[in-house]
Amino acid sequence: MKNDNGGGGRPPFSYPVKVGHISANPVTVRLEANQRELEALAKLWQVLAVNSLKAELQVTRWKKDGVRLKGRVEADIVQACIVTLDPVSSKIDEHFEQVFVPEGSKLARIVTNEAAEMVLDPEGPDLPEAFSGDTIDAGAAVTEFAALAIDPYPRKPGVEFADHIESDADEKSARPNPFAVLKDWKKD
């Protein structure tokens, strides 16, 4: 998960965590975006508004030099309906887990089998994310997990596409069956 906020530099919602300060005992961290961060997130996610973004995380040491973030992210967003362009409110409530390891760590390598093919378990945990330096950005991780939960095709309740017309049963029965000519083919 890489930060892509268009202009480089700091992501819109950032919460740096010093890796050296993390112990084996989980520490609970609560994050909440302020108004400036909410406006920047709305631009990043290309939605009409982000009314709230908050997360509660357990931050703990993973193996020798890694860090595990485990928690829940909640957000209230407003998007444009893909049919009417009217505002549509939606809630995000996702549980997530991400492991971070230092760049170059053996723990970051992708598991391969004898044929040198990547082995990924779709139901298993995500691969560890590499970080450089002595800090990970818990806010950027929360931002990315929230972004993955955004509905790419928001619709107002009860709104359907009017341009698409399904054929009705009468139309289907009026069309000749291409196999009808074969029904009498093998008669004695």
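Scroll up for the structure.
Small disclaimer: the values here were computed from a predicted structure and weren't measured.

Quick word on the nonpolar core
Judged by nonpolar contacts, the single largest core of 33 residues is most densely connected at Trp45, Leu53 and Val142. Residue assignment for this core shows that the elements contributing at least two residues are strand 2 (27–32), helix 1 (35–45), strand 3 (49–62), strand 4 (66–80), strand 5 (87–102) and helix 2 (138–148). Those residues in contact with Val142, other than ones at most four positions away along the chain, are Phe13, Leu31, Leu53, Ala55, Leu57, Val73 and Phe96.

Observations regarding the pattern of salt bridges
Under the counting rule described, the total for this entry stands at 7 salt bridges. Arg72 is the salt-bridge partner of Asp93, the closest N and O atoms lying 2.6 Å from each other. Of the two residues, Asp93 sits in strand 5 while Arg72 sits in strand 4, which places them 21 residues apart along the sequence. Given a relative accessible area of 39%, Asp93 falls into the partly exposed group. According to the relative accessible area criterion, Arg72 is partly exposed, its value standing at 33%. Ionic contacts of the salt-bridge type, sharing partners, join the residues Arg72, Glu74 and Asp93 into one network.

Definitions and limits used
- Here the residue numbers are simple positions, counted from 1 along each chain's written sequence.
- Where local features are concerned, this predicted model is filtered to residues with pLDDT of at least 70; where side-chain atom pairs are given and counted, the filter is 80 or more; whole-chain, interface and lining totals use all residues.
- Each side-chain value is worked out from all heavy atoms of the structure, with water and hydrogens disregarded.
- Working definition of a nonpolar core: buried Ala, Val, Leu, Ile, Met, Phe, Trp, Tyr and Cys residues. They are joined through side-chain atoms within 4.5 Å.
- When a residue's accessible area, from a 1.4 Å probe over protein chains only, is under 20% of the maximum for its type it is buried; when over 50% it is exposed; and in between it is partly exposed.
- A run of H or I in DSSP counts as a helix once it spans at least four residues, and a run of E counts as a strand once it spans at least two, with each numbered from the N terminus.
- What makes two residues a contact is simply this: any of their non-hydrogen atoms within 4.5 Å.
- A carboxyl oxygen of Asp or Glu within 4 Å of a side-chain nitrogen of Lys or Arg is what we treat as a salt bridge.

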